Amino acid sequence: MNESAKKQLLQSGVFAGLVLALFLILSAFVVLGRKNWENGLRSAVEQVLPASEWQCGKMIPIDSNFSVSAACFELVNKKSPSKKSFALIMRIATHLGPQPAVFVCQDGKTAFCGAAYFNSSLAKEFERSKFSRQLDYWTQIADSLINKAAQAEESK
């Protein structure tokens, strides 16, 4: 092997090592940040639901294309803790732009509960506007996502 080939091999090795190190560092940040992400979503759901009635439990994985913009949680009803309920926070498209909407499935019925992280002027506009067709569409999607997640959780 000549000097030129050795030099190119060394440069390629150093470059591959740097790329691998960068990949490992970024992967570590993703793994370490996952818990903060989950806690932030949990607090957003709890912000919308009445604190005297509901408490968020563990996060349930969603096996769907919507999993990048949705998260499902078990809910504990403080009045009747034996009933299983679920909450789903999902980014939905509205005329105000994408908003984080919270849906609750209780006794097999899914209902829209509200949107998280609203300032007062957006909340008033959101409540004033009637977008029932859009809301029905997103409620159907939320219902199917919650049912899939609940079935997957029960089969474990």
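Report on the accompanying structure. (Residues numbered from 1 in each chain as written. Predicted model: local features only at pLDDT ≥ 70, side-chain atom pairs only at ≥ 80, totals over all residues. Heavy atoms only, no water.)

Now for the side chain of asparagine 77. Here asparagine 77 shows up in strand β2 (residues 70-77). Sequence-distant contacts of asparagine 77, defined by excluding residues within four places in its chain, comprise Glu53, Trp54 and Gln106. (Helix = DSSP H or I, 4+ residues; strand = E, 2+ residues; numbered from the N terminus. Contact = heavy atoms within 4.5 Å.)

With that settled, the discussion passes to the pairing of strand β5 (residues 109-115). In this structure, strand β4 (residues 97-106) lies alongside β5, joined through six bridges in antiparallel fashion. Within β5, the residue paired with phenylalanine 103 across the bridge is phenylalanine 112. Between β4 and β5, which pair antiparallel in sequence order, lie two residues; one of them, aspartate 107, sits at a positive phi of approximately 60 degrees. (Pairing = 2+ DSSP bridges.)

So, about the environment of proline 50. When you line up the elements, proline 50 lands in the loop between α1 (3-48) and β1 (54-60). Classification of proline 50 as partly exposed rests on a relative accessible area of 40%. Remark: the alpha-carbon pair of proline 50 and lysine 7, spanning 43 residues in sequence, is separated by 66 Å. (Buried < 20%, exposed > 50% of the residue type's maximum accessible area, 1.4 Å probe, protein only.)

A cluster of nonpolar residues, Leu22, Ile25, Leu26 and Phe29, forms a patch on the protein surface that exposes about 430 Å² of accessible area. Mapped onto the elements of the fold, leucine 22 is located in helix α1. (Patch = residues over 30% accessible without salt bridge, like charges linked within 9 Å, V, L, I, M, F, W, Y side chains within 5 Å. Areas by Shrake-Rupley, 256 points an atom, 1.4 Å probe, with all protein chains shown as cover. Salt bridge = Lys/Arg side-chain N within 4 Å of Asp/Glu carboxyl O.)

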